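# Commentary on secondary and tertiary structure
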Amino acid sequence: MNVTRITPNIIAQRTLRDVSAQLGRISNLQERLSTGSRVNRPSDDPIAARRAVNVRVLLQKNEQFIGNIDDIRPQLADSESALQGIVSIFQRALELTTQAANGTNSQEQLDAIAFEIDGLLESAVTAANTRTNGRSIFSGTRTLGDTFSVTRVGGEITAVAYQGNDQVASIDISDGAQVAVNIPGSQAFLDTVDIFATLIGIRDDMRAGNQASLSTTRLTQIQDALDQALRGLARIGATSNRLDRASNGLHDGTVQLKALLSDKIDADFADTVLNLNVALNAYEAALNAAGRILQTSLLDFLR
């Protein structure tokens, strides 16, 4: 029968190995407490580490989609404000044109009303050239210049020309889902009726005393312009509502993903403290045992 000879050297090596293992366990538990995570490197739990990576990728995507939505909100707000301004302009133009078409105004009165119409025209051009963060919001994708240029004679606008394109800009709000976030000026201001040509025509008809045109053609054009602006507002509103729903869903998803990530890698504080106390007690016991076993010196063999 083979008998393994246990030497003092073997005892010392095993004792030191056991003490070192206890220290390693204590270090691991202390790291969990300091980081709040039970998975600080893939080797701690390869499966949980892989799942955590996948969850973090999904979180990054959600954050990007939320960022896209937040970035576009100022433009939508400015678009809505501009179109509401157009609605107000044509509501006032309707009042003035109805007043001018009743046949009881002198030419001097018509000229005064025409002067206010000219002011509405200037305001309409300003609204159509609205910028957000230095970019024209109604120019399609050609956003660096003004949406509309004007021709002036004697300081007054006589023609307005569209400088943008008909392209629609979109943003990603989820994997495979995009939302168009702009209305080209050709649709917002020139689709059914050219709002600028309408205001120019109303002004010039008033100055020419052309009440027949004011009471028929111009009133119809004003109503068309109002309907056109309201359609644009409805489109902006629908886009904003869709973005709100998408944003709410993304925020809810983010909360759930963070909870899942916490479940996969976060350390249980109470359990970790308990295990650390156990490990410290075991370490103290190992040191005491090692002290008794390894206290033999050379002098003990010389007695």
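This write-up is about the structure you can find in this document.

Before going further, it helps to examine the environment of Leu230. Position of Leu230 relative to the elements: it lies in helix 6 (residues 211-265). The exposure class of Leu230 is partly exposed, given its relative accessible area of 44%. Taking the C-alpha atoms as reference points, Leu230 and Leu83, 147 residues apart in sequence, are found 7.7 Å from one another.

Right, let's talk about the pattern of salt bridges for a bit. Per the stated rule, a full pass over the model turns up twelve salt bridges. For the salt bridge of Glu95 with Arg92, the shortest nitrogen-to-oxygen distance reads 2.8 Å. Taken as a pair, Glu95 and Arg92 lie in helix 2 (residues 46-100) at a separation of three residues, close to a single helical turn.

The end-to-end C-alpha separation of helix 3 (residues 107-128) is 31 Å, in line with the 32 Å expected for 22 residues at 1.5 Å each. Here helix 3 has its buried residues at Leu110, Ile113, Ala114, Ile117, Asp118, Leu120, Leu121, Ala124, Val125, Ala127 and Ala128.

Under the 1.5 Å per step criterion, the end-to-end length of helix 5 (residues 195-208) is 20 Å for 14 residues, consistent within 8% with the ideal 20 Å. For helix 5, a buried count of ten out of 14 residues is recorded, marking the element as mostly surrounded by other parts of the structure. The complete set of buried residues in helix 5 reads Ile195, Phe196, Thr198, Leu199, Ile200, Gly201, Ile202, Arg203, Asp205 and Met206. The distance from a side-chain oxygen at the start of helix 5 to the backbone nitrogen of Phe196 is 3.0 Å, and the residue carrying that oxygen is Asp194. Gly209 occupies a position one or two residues after helix 5 and carries a positive phi of about 70°.

The subject of this paragraph is the pairing of strand 4 (residues 156-162). Looking at chain direction, strand 3 (residues 148-153) and strand 4 are connected through six bridges and run antiparallel. Its bridge partner lying in strand 4, Thr151 is registered against Ala159. Hairpin connection between strand 3 and strand 4: a loop of two residues separates the two successive antiparallel strands, and Gly154 in this loop has a positive phi of roughly 60°.

Looking now at the side chain of Ser213. The topology assignment puts Ser213 in helix 6. Assessed through its relative accessible area of 13%, Ser213 is described here as buried. Ignoring sequence-local partners within four residues, the contact set of Ser213 consists of Asp205 and Arg218.

Counting across every chain of the model gives five aromatic pairs. Between Phe138 and Phe189 the ring centres are 5.0 Å apart and the planes differ by 80°, which places this aromatic pair in the edge-to-face class. Taken together, the residues Phe138 in the loop between strand 2 (135-136) and strand 3 and Phe189 in the loop between helix 4 (185-188) and helix 5 connect sequence positions 51 residues apart. On the basis of relative accessibility, which here comes to 0%, the residue Phe138 falls in the buried class.

What counts and how
Residues numbered from 1 in each chain as written. Predicted model: local features only at pLDDT ≥ 70, side-chain atom pairs only at ≥ 80, totals over all residues. Heavy atoms only, no water. Helix = DSSP H or I, 4+ residues; strand = E, 2+ residues; numbered from the N terminus. Buried < 20%, exposed > 50% of the residue type's maximum accessible area, 1.4 Å probe, protein only. Salt bridge = Lys/Arg side-chain N within 4 Å of Asp/Glu carboxyl O. Expected span 1.5 Å × (residues − 1). Polar contact = N/O pair within 3.5 Å; in protein donor to acceptor, adjacent residues only side chain to side chain. Pairing = 2+ DSSP bridges. Contact = heavy atoms within 4.5 Å. Phe/Tyr/Trp six-rings, centres within 6.5 Å; stacked < 30°, edge-to-face > 60°.

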